[in-house]
Amino acid sequence: MNIKSLDLFSQKFHQNPYEYYEQIRLHEPFAKVKLYTEAPDSWMAFTYEAAEAVLKDERFIKDMRTVFPGEMTDENVPPISQTMLFADPPNHRRLRSLVQSGFTPKKIMSLSGRIEEIAREQAEKMKEHETVDFIEAYAFPIPIIVICELLGVPQENQLDFQRWSNVLVDINEASQYDEVLMEFMMYLEKLIHNRRQSPQNDLLSHLIQAEEDGDKLTATELYGVVMLLIVAGHETTVNLISNGLLALLTHPDQLALLKNDPSLISKAIDEFLRYNGPVEFSTDRWARESFTFMGQQVQKGDHVIVSLASTGRDPEVFSHPEKLDITREKNPHLAFGKGIHYCLGAPLARLEGEIAIRVLLEEFPNVGLVANLSDLEWRQSFIIRGLKELPIRLA
């Protein structure tokens, strides 16, 4: 296979990337790929070993301002790129410590009752129909309502957040990116101003007030964190729920197993994350210096990413990786990353996924797919892996 000719944005690739990854891993654990026509080639890690090494190696850094100090400054780097996700130590520790107090295990678990209420409400609405688009009717509303309520976003603005989020992650919407980003920023500016004047019992007010050793988030950092929570905390969970259901519907034995033993839901979520997870590729990293990595000569400033989807099917780590097995005991998938950038919202995503799938199977035990697998269309996003629609029958 000529890896340079692989079109990572084509529908053919998105339909089943795993058959490509299977071929690539054998010969190219860490190799250069062409992402954009006008851009230099990028390094991509395909095997679990290479990916884990990239994610933990501090020579691969996240803050582009460090690599390109003359070109990239605070003024021309978008707010979302000034969050902990794109920061390196010691600034990463500072930003994460200011945010993580809003995501304590106690805080996350306190949301379980409300998440179940939302799931039941969405299920009740679906009972009016014989067939629905599962994403629009169920997988999307649950996480967007949860994250908006958590932040304190009024209900009437939640659909706006959906539209903004979709444009920010979908490459087909690139022409609208700047306009939508400005619209999003203007809304956040107004919302943050209101919370500064009248703090509420919500995460946004907490982030505004959060302080660590006399330090607080700047206005730009605050905008970035909220954008990150909306995009990362909503988009990925939608895909976890919908990709998880698709996996069950295309593996009737596993669906029956989960129905008969709902206590398997936690293992099932991990298996969904491994088998066909919500994130295709990691976010950007750059080489801080020139060095040899996995037998390849990496140059300072080289762009590096990880195929998280490929790592979940690596037979060196997972036995029978092509098989969906919700009883799998050893499942060290990298869907939430690794090292200092391990996803802060992972416990919330897991909780939402567990509740959403459990409630769905309780309310609609005869749920089924009403489309051919080959007819399902995948969104053309470079980061997330998710369907545009998932048509299902409810009885």
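Residues numbered from 1 in each chain as written. Predicted model: local features only at pLDDT ≥ 70, side-chain atom pairs only at ≥ 80, totals over all residues. Heavy atoms only, no water.

## A few points about the overall build of the chain
- Looking only at helices and strands, the chain has 17 helices and ten strands in total.
- Over its C-alpha atoms the chain spans a radius of gyration of 21 Å, differing by no more than 12% from the 21 Å that the globule rule assigns to 395 residues.
- Summarising the internal contacts of the chain: among those between residues at least 6 apart in sequence, 71% fall at separations of at least 24.
- Working note: accessible area of the chain is about 17,800 Å², and carbon and sulfur atoms make up 49% of it.
- Between the averaged position of the 40 positive side-chain charges in the chain and that of its 59 negative side-chain charges there is a distance of 4 Å. (Helix = DSSP H or I, 4+ residues; strand = E, 2+ residues; numbered from the N terminus. Rg over C-alpha atoms; globule rule 2.2 N^0.38 Å. Contact = heavy atoms within 4.5 Å. Areas by Shrake-Rupley, 256 points an atom, 1.4 Å probe, with all protein chains shown as cover. Lys, Arg positive; Asp, Glu negative; His and termini not counted. Charge placed at Lys NZ, Arg CZ, Asp CG, Glu CD.)

## Side note on the pattern of salt bridges
- Using the criterion set out here, one finds 24 salt bridges in the structure.
- A salt bridge links Lys34 to Asp41, with the shortest nitrogen-to-oxygen separation between them at 3.2 Å.
- Residue classification places Asp41 among the partly exposed positions, given a relative accessible area of 24%.
- A salt bridge links Glu117 to Arg114; the nearest nitrogen and oxygen atoms lie 3.1 Å apart. A residue pair is termed a helical-turn pair when its members lie 3 or 4 positions apart in one helix, as Glu117 and Arg114 do in helix α7 (residues 112-126) at three residues.
- Overall, the relative accessible area of 45% leaves Glu117 in the partly exposed class.
- Relative accessible area serves as the criterion here: at 30%, Arg114 is assigned to the partly exposed category.
- Three or more residues joined by partner-sharing salt bridges are found here, namely Glu116, Arg120, Glu124, Lys127, Arg358, Glu362 and Glu363. (Salt bridge = Lys/Arg side-chain N within 4 Å of Asp/Glu carboxyl O. Buried < 20%, exposed > 50% of the residue type's maximum accessible area, 1.4 Å probe, protein only.)

## Quick word on empty space enclosed by the protein
- For the structure shown, the criterion picks out one cavity of 30 Å³ or more.
- Within this model, the largest cavity holds a volume of roughly 80 Å³.
- The greatest single-element share of the lining of the largest cavity, amounting to three residues, is contributed by helix α16 (residues 308-311).
- The residue inventory of the lining of the largest cavity, partitioned by class, reads six nonpolar, four polar and one charged. (1 Å grid on protein atoms, 1.4 Å probe; cavity = no way out; pocket = protein on both sides within 12 Å on 5 of 7 lines; lining within 4 Å. Points joined across faces, edges and corners; volume = space filled by probe spheres on them. Nonpolar A, V, L, I, M, F, W, Y, C, P; charged D, E, K, R; others polar.)

## Section: the nonpolar core
- The biggest cluster of nonpolar side chains holds 94 residues, and the ones touching the most others in it are Tyr138, Phe161 and Phe272.
- Broken down by element, this core gets its largest block of residues, 16 residues, from helix α13 (residues 219-249).
- In this structure, Phe161 is in contact with Ile144, Cys148, Val153, Phe184, Tyr187, Leu188 and Ile230, ignoring residues within four places of it in sequence.
- Core analysis: the second largest hydrophobic core is formed by 19 residues, Ala45, Val279, Val304 and Val306 among them. (Core = buried A, V, L, I, M, F, W, Y, C linked by side-chain atoms within 4.5 Å.)

## Focus: the sheet that holds strand β5 (residues 285-287)
- One open sheet holds the five strands; their spatial order is β1-β2-β8-β5-β3, and the pairing between them is mixed. Across the chains shown, the open sheet's two edge strands, defined by having one partner strand only, are β1 (30-33) and β3 (60-61).
- Pairing geometry for β5 and strand β8 (residues 303-306), over two bridges, is antiparallel. When the sheet's bridge partners are listed, Trp286 is paired in β8 with His303.
- Taken strand by strand, helix α3 (residues 48-56) contacts β1, β2 (42-45), β3, β5 and β8, and its axis lies near 125 degrees from that of β8. (Pairing = 2+ DSSP bridges. Axes fitted to C-alpha atoms, helices over the stretch in contact; angles between N-to-C directions.)

## Considerations on helix α15 (residues 265-276)
- Here α15 contains twelve residues, and its C-alpha end-to-end distance of 16 Å stays within 8% of the 16 Å for a straight helix at 1.5 Å per residue.
- Counted residue by residue, α15 has ten buried out of twelve residues, so it is predominantly covered.
- Every buried residue of α15 is accounted for by Ile265, Ala268, Ile269, Asp270, Glu271, Phe272, Leu273, Arg274, Tyr275 and Asn276.
- Check the buried side of α15 and you find it contacts α2 (17-27), α13, α14 (252-260) and α17 (346-363). (Expected span 1.5 Å × (residues − 1).)

## Description of unusual backbone geometry
- Going from Pro89 to Pro90, the amide bond is cis rather than trans, its omega being 0 degrees.
- Along the chain, Pro90 falls in the loop between α4 (64-67) and α5 (91-100).
- Non-glycine residue His320 carries a positive phi angle of around 45 degrees.
- Considering the arrangement of structural elements, one finds His320 in the loop between α16 and α17.

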